[in-house]
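# Secondary and tertiary structure notes
What follows is the residue order along each chain.
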Amino acid sequence: MAVTGERISLQPSEAFLRRRRLVDRGVRWLLFAAASLSVFVTVAIVYILVSESVVFFANVSIVEFLTSTSWTPLFTNANYGIWPLLTATMVVAGIALLVAIPAGTLLAVYLSEYADSRVREIIKPFLELLEGVPTVVYGYFALLFVTPLLQTFIPGLSGFNMLAPGLVMGVMILPYVTSVSEDAMRAVPNQLREGAYGLGFTRWQTARKVVIPGAFSGITAAYILGMSRAVGETMVVAIAAGQNPKFTLDPTEGAATITAYIVQVSLGDLPHGSIGYQTIFAAGLTLFVITLSFNVLGFYLRRRFREVY
């Protein structure tokens, strides 16, 4: 601090400026390391999947892998068609989306356009509780409660089926769809709502014709997030859908999904490096490509339909 006449000027000391530059440089490197770590982990995962899959496809025809409808890699007469696992994965995920997308969108509209702050503060914690429930609990809930309940309405329903885990997964991913969709809807400027009300729109018409189109990119991102979450779910399908690879589109039958098969083989006694063991990397690579495709589609839709206010 320097005093000159009646004026007092406060100048930071050189030591303070050095410490500030040092802290700033340290924080920058810390943030860079955190970002680099995520990139490194992603690249490492892709490298492991691709390198092990290359060894697998050196012994198995990729044409058979992509066209055959029989998956029996652990049998003496082995077949390596991915379609039984792929169809089961898409059937279960499709059922989950049929539950989560309509219910999640309507709930998001209610929270964004109809509910007051008190109701919103009650509903939001319940949705967060659904997110915090372990997936193994959802799996046993589907197996021990939902399946017997469905058997009272669907006689002959198998104890292991794709319908029950699909319905439970729909409830499981409901908070993701609702939360992201509601955030996108609440980001729509109120001026658009007021203009719609001024034209005589009802609240539902405003939500349907103004808010939802205005938040379309965010709502699409919520759907893609829910789809990716459903496709990659493991414990629910491993417990309640069965572990028998079967090429079927009937949700009342049991079938193994890609993730359920990976769990089954990973916990087995297959030697590392065998063809049977390497099938989990080929299946994992297939799942990675599916998830990546959904993310690329979501990125394109956000770029294509994003509204900047």
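Residues numbered from 1 in each chain as written. Predicted model: local features only at pLDDT ≥ 70, side-chain atom pairs only at ≥ 80, totals over all residues. Heavy atoms only, no water.

### Structural notes on the confidence of the model for the protein chain
Mean pLDDT over the protein chain stands at 86; residues scoring 70 or higher make up 95%. When the elements of the protein chain are averaged for pLDDT, strand β1 (residues 2-4) gives the smallest value, 50, and helix α3 (residues 83-114) the largest, 92. (pLDDT = per-residue confidence, 0-100. Helix = DSSP H or I, 4+ residues; strand = E, 2+ residues; numbered from the N terminus.)

### Section: the UniProt feature "transmembrane region" (unreviewed entry) in the protein chain
Residues annotated in UniProt with the feature "transmembrane region" (unreviewed entry) correspond here to residues 29-50, 82-111, 132-154, 160-177, 210-226 and 275-301. Note that residues 29-50 is 100% helix and 0% strand, and that its end C-alpha atoms are spaced 31 Å apart. Counting secondary structure, residues 82-111 comes out at 97% helix and 0% strand; the distance between its end C-alpha atoms is 41 Å. (UniProt positions renumbered as here; feature names shortened; annotations may be inferred.)

### With respect to the nonpolar core
One finds Trp71, Leu85, Met169, Ile173 and Val231 to be the most contacted residues of the largest nonpolar core, which totals 54 residues. In terms of residue count, α3 provides more of this core than any other element does, 10 residues in total. Core analysis: the second largest hydrophobic core is formed by 9 residues, Ala184, Val188, Val211 and Ile219 among them. (Core = buried A, V, L, I, M, F, W, Y, C linked by side-chain atoms within 4.5 Å. Buried < 20%, exposed > 50% of the residue type's maximum accessible area, 1.4 Å probe, protein only.)

### Here we look at the environment of Lys124
Relative to the helices and strands, Lys124 is located in helix α4 (residues 117-132). Separated by 53 residues in sequence, Lys124 and Val177 place their C-alpha atoms 13 Å apart. When residues no more than four places from it in sequence are discounted, the contact partners of Lys124 are Leu111, Ser179 and Glu182. Here Glu182 takes part through its side chain, which lies 2.8 Å from a polar atom of the side chain of Lys124. (Contact = heavy atoms within 4.5 Å. Polar contact = N/O pair within 3.5 Å; in protein donor to acceptor, adjacent residues only side chain to side chain.)

### Concerning the side chain of Gln278
Positionally, Gln278 belongs in helix α12 (residues 275-305). Other than its neighbours up to four places away in sequence, Gln278 contacts Glu52, Val55, Phe56 and Gly273.

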